[in-house]
Structure formats: C-alpha cells, structure tokens
Amino acid sequence: MKLEYLKAKLTRRLIAPTIALATIASFGAYEFVRPATAKAAVASPAPAPLDDNSVGALLSLDNAMETLAARVTPAIVNVTVTSKSKVDLSDQGQFGDLPEGMQGFGQFFGHPMQPQNRVEHGLGSGVIISPDGYIVTNNHVIDGATDIRVTMSDRRIMSAKLIGRDPLTDLAVIKINGTNLPSVPFGDSTKLHPGQSVLAFGNPYGFRFTVTRGIVSALNRPNPDSNNPRKPGEFIQTDAAINPGNSGGPLVDAHGEVVGINTFLISPSGTFSGMGFAIPTQIVRPTVDSLIRNGKVTHAYMGVGITDVTPENSKFFDMSKAVGAVVTQVEPNSPGAKAGLKVGDVITKIDGRDVSDAGQLQVEVGQQQPGTTVHLEVMRDGKSMSIPVTVQELGNTKIGEESASNPQGKARWGLGLSDLNSDVRDQLQAPSDVQGAVVARVQPGSPADNAGIATGDIIESVNRKPVKSAQDVQQALSKIQDGQDAMVLIWSQGGNTFRVMHPGDNS
C-alpha cells in the first residue's frame, strides 16, 4: 500500500510538469504560427487591374477629352472688373444693412445723408476668339465696369478695353493688346443635337480655368426673363456644371469649336443643379461681328407679340401641325400693324424659310437690318397669304448720343437716349403721366454714371425745364455752357429724384 501510494504521488508530480511543459509548448507554437498567418493575409495580392483592351473605349474618350481641354484652355480668360455703385445711407443706416428689428438712422444730426460711392469687384469668364485679342464675354459681367482686367492661363494679367456690349443678348466684346494669342473658332450651334458631348470652360467661384463635361440636354429653350420679352431665347441647355463665375465662358463641342456662351443657370439654391444655359452661336456670331465692326448692335422688330403653336392650340388656328408662331398682340402704328398683321395669324415662313417656333422667328427678325422688308407666309383662318413687313429698329427709330462733346471728343455727359414709346413704357412699367426720354446707355466713369443715372431711368426735365423726347434732352444738354453743371429730374422704379451731373467728372 505504501509503495503504491508513493508511485501514484510520484506519477502526479511528474504529470504536472509535463502538462505545464505541454501548455508552454502549445503557446509557443501559437505565438510562432500567429504572426505568420497574419502576415500572409495582409500580403495577399489585390486583383489585377483591367487591361487596356477591356476599357479601350473609356481610355480613348478620356484621351480625346484631355486633348480637347488642352486645346481650348489657353484661350480662356478670367475677367475681373471694378465698378462703382451708389449706396443710400439714409435707407440703410450708417453701417449698411442692420439686423432684423433695428431701424436705419435716416438722418445724422438732422442732416440728410448723401449717397456714397461704393467700389465693387466682380469676376466672370471670357474666351479669346482671335489672335489679336478680341474676347467674348457676357454683358452682365462687365456692366458698369470702370476697369476691366483679364488673367491668362499663363498667369499674365492684362488690361482690357470695352469694344461694345449688347444688353438685349447679354453679350459683350472686350480686347487686349497682343499678337498670336491662343484662340478658338466659332462652331455652328444649329447643327447641335440633344445628347451630344460638350465641355464648359470658365472660372466658377474664382477657381480659375475649370472645365466641366456634360451633354446638350435640350435646344431652343425660351427666354426666361418675363420682364423683357424682347430678349431672344433659343438657349442651349446643358448638364455640364455651370456656376457663378462661369458667365461668359464658352460651351465647346468635340471639335474644339465654341457653340455657345454660358450665361445663366436655373436653380433653387443659386448653385448648379443640372440646368445651365448658353447663348447659341447663331446669336453670338452676328452680335459679336456687329460689336467689333460698329461698337453697337441694332435690333429690328415688327411690333407684335408671338407665342408657339402647340398641339393643344393648333386646331384653333386650323393648323395640321404644331409649328409656327402665333401673333398674340399687334402694337398700334408698329411695322406689323402697318403691314396688316392680326391677332391669331400664324407665321409659318420668313423669306421662304420655315418657322418652327416663336423663338426662332424672334431671333431671325432681330438680326435683320432696320429698314429691311421681310416676307412672311401667314395662315389666317385656314388660308395662306404673303405679307411683307418693313422692320424698324427696336426702341423706336434709333438710340442716339447727345451731340455736345468736350474738347477731347468724348461724349460730354455720357448718356445714350431713346424716345419713350408704348413698348418701352410697358417694359419699364412707367405711369402714363411720366413723359421724357429713356436712358438707353450710360458710359462708365462719365458725369451721368457718377451722378447715379442708370439704364432704364427716364429723364423728365433738364435744369427744371420739362422734356418730352430724346431730342429735347439732347438740345437742352447741348445748350449748357462748358464747365456748368446739369440737373435732371429722373423717374425710376423707386420714384422721382433730382440728379446733378458735373462735367468735370469725365476726365
């Protein structure tokens, strides 16, 4: 018994170290194996990339877009402008806009606070269209500018001068001095199709020389500005991203040709949401050519309101197809009225060319020279007839500059004037008792500009003498002696106010 007990006890003592050694050995094996296993998982090779044959079409597209962007980008410029605006401190208080619930001071120690000049800076985009430095941009980019500078893609900053601008089409031409400058040609926007690839170039939010890619989403979009139905439509809609700062930059097709000038976007947030719009080259080219050649653009008009023929209304005009432009209004004594056009007439052709919609007709008429006779084919009560219309210049007969000039030959007051006709009165929403001349242009930095006179203002009197026409204003201003001020009574949307022009301000 004692011997067996000793054997069992000895056996248990030998087993315990054996188990301990086995445990240690197992941990050692685990520690030895675990790093090797972990390292093997990390080091597993990733799947091989797709070979060129599998994505050849995408690579070809990328290469083509890179080539296109590299070709166009050197001709893109960043346009920076400096302008002045009047701030009425009596409306805003001493320190501008006040928090909600606080009122402006109105007067300071009993004295009315005079409007103050405020220098503003803006930016946009442009595209060089000729090796000698002509640049196309938007009118709203340079409107009111006293200084225009452009930044080239090679970071050169150059001063630019205004060649001409056209508010109706929102186009402007500026110029820099140079030779052999990079430039891009115009393309034909009438050959575009929805789904076609396009690139938009510009400087959104000041991020210079940005390019975005998209397609032509739609064509012939109408003018969205209900305040001025005379503005031509036919806009190109694109989903290539266009944001503030892109204005004036080009929309370019796959051949590197400018097919449009980016001008606005529609978005509830004010930033791009998939709908950008460009002015087509069918409008850009003739406008730019006229601005370069004459410094201005004349637009013809018939004096009629028009809208599209639609599937819903076509049967009421005895039209088998929804094409053409329906006359909705005929202004008294207008070219259309004199020619015999009537409300309900459907204009189907102009000079033998088919009219697809109201926008096309508006563009074609607007590009005619005033005094030209166009031949319209009209459907009236189901019968076709030909009506010749001699178009006139939009804004009455013509916009004239006052004749008085200073010794340097510059316009003395910096005003462009036109008569106040019924069409303009309606656009400005001016009361019937307001008489005078409409301010059609204001030369930047001129006495009129410095006095706070703006396009669309109506001059009712000069030095307290009533005026009824542009000629009356021109004659009254021309009679003022050199060095003498001129006081004009201005009507604008905010009411009547007197403004004093100082001739020394145009130096």
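Going by the structure above, here's the rest.
Conventions and cut-offs
- Residues numbered from 1 in each chain as written.
- Predicted model: local features only at pLDDT ≥ 70, side-chain atom pairs only at ≥ 80, totals over all residues.
- Heavy atoms only, no water.
- Helix = DSSP H or I, 4+ residues; strand = E, 2+ residues; numbered from the N terminus.
- Contact = heavy atoms within 4.5 Å.
- Areas by Shrake-Rupley, 256 points an atom, 1.4 Å probe, with all protein chains shown as cover.
- Pairing = 2+ DSSP bridges.
- Axes fitted to C-alpha atoms, helices over the stretch in contact; angles between N-to-C directions.
- Buried < 20%, exposed > 50% of the residue type's maximum accessible area, 1.4 Å probe, protein only.
- Phe/Tyr/Trp six-rings, centres within 6.5 Å; stacked < 30°, edge-to-face > 60°.
- Arc of directions from axis to C-beta.
- Salt bridge = Lys/Arg side-chain N within 4 Å of Asp/Glu carboxyl O.

S.K.: Could you clarify how one ought to interpret the overall build of the protein in this entry?
M.R.: Within the protein one finds 10 helices and 29 strands. Within the protein, counting contacts between residues at least 6 apart in sequence, those at least 24 apart form 62% of the total. As displayed, the protein has an accessible area near 27300 Å², and 54% of this comes from carbon and sulfur atoms.

S.K.: What is the right way to look at the sheet that holds strand β11 (residues 235-238) in this model?
M.R.: Sheets are built from strands that pair by backbone hydrogen bonding, the pairs being arranged parallel or antiparallel. Read around the closed barrel, the 6 strands follow the order β9-β10-β11-β14-β13-β12; overall the barrel is antiparallel. With direction set aside, neighbouring strand axes in the sheet form an average angle of 45 degrees. One ladder, built from 3 bridges, connects β11 with strand β14 (residues 276-280); its direction is antiparallel. Considered in β14, the bridge of T238 is made with G276. Across the face of the sheet, helix α2 (residues 56-72) comes into contact with β9 (197-202), β10 (210-221) and β12 (250-252) while running at roughly 35 degrees to β9. Of the strands in this sheet, β13 (258-265) and β14 touch helix α5 (residues 281-294), which is tilted by about 50 degrees from β14.

S.K.: Explain the environment of I459 here, please?
M.R.: Tracing the sequence through the fold places I459 in strand β26 (residues 458-462). A residue is classified by how much of its surface remains accessible, and I459, at 0% relative accessible area, is buried. Each residue touching I459, except ones within four places of it in the same chain, is listed here: L415, L417, Q435, G436, A437, V439, V467, V473, V488, L489 and I490.

S.K.: It is not clear to me how the packing of aromatic side chains should be interpreted in this structure. Could you clarify?
M.R.: To describe a pair of aromatic rings, you give the distance between the ring centres and the angle between the ring planes. Considering all chains together, one arrives at 2 aromatic pairs under this definition. A ring pair is formed by F235 and F264, whose centres lie 5.1 Å apart and whose planes are at 90 degrees; its orientation type is edge-to-face. Taken together, the residues span a long stretch of sequence, with F235 in strand β11 and F264 in strand β13 at a distance of 29 residues. An angle of 10 degrees between the planes, with centres 4.7 Å apart, marks the rings of F264 and F277 as stacked.

S.K.: Mind showing me how you'd approach the pairing of β10 here?
M.R.: Within a regular strand, the side chains alternate between the two sheet faces. Sheet topology note: the β9/β10 ladder contains 6 bridges and is antiparallel. By the bridge assignment, G202 is partnered in β10 with T210. Of the strand pairs in this sheet, β10 and β11 are connected by 3 bridges, and their pairing is antiparallel. For R221, the partnering residue across the bridge sits in β11 and is F235.

S.K.: What's the story with helix α10 (residues 470-478) in this structure? I'm lost.
M.R.: What α10 keeps buried is the set A470, V473, Q474 and L477. Considered in projection along α10, the buried side chains sweep an arc of 100 degrees and stay on one side of the axis.

S.K.: Sorry if this is basic, but what is going on with the pattern of salt bridges here?
M.R.: Once their charged atoms are close, side chains differing in charge can pair, the charge on each being opposite to the other. This structure, assessed with the given rule, holds 6 salt bridges. Between D154 and R156 there is a salt bridge, with its nearest N and O atoms 2.8 Å apart. Residue classification places D154 among the partly exposed residues on the basis of a relative accessible area of 45%. A relative accessible area of 41% means that R156 is categorised as partly exposed. The partner of K349 in a salt bridge is D354, and the shortest N-O contact between them spans 4.0 Å.

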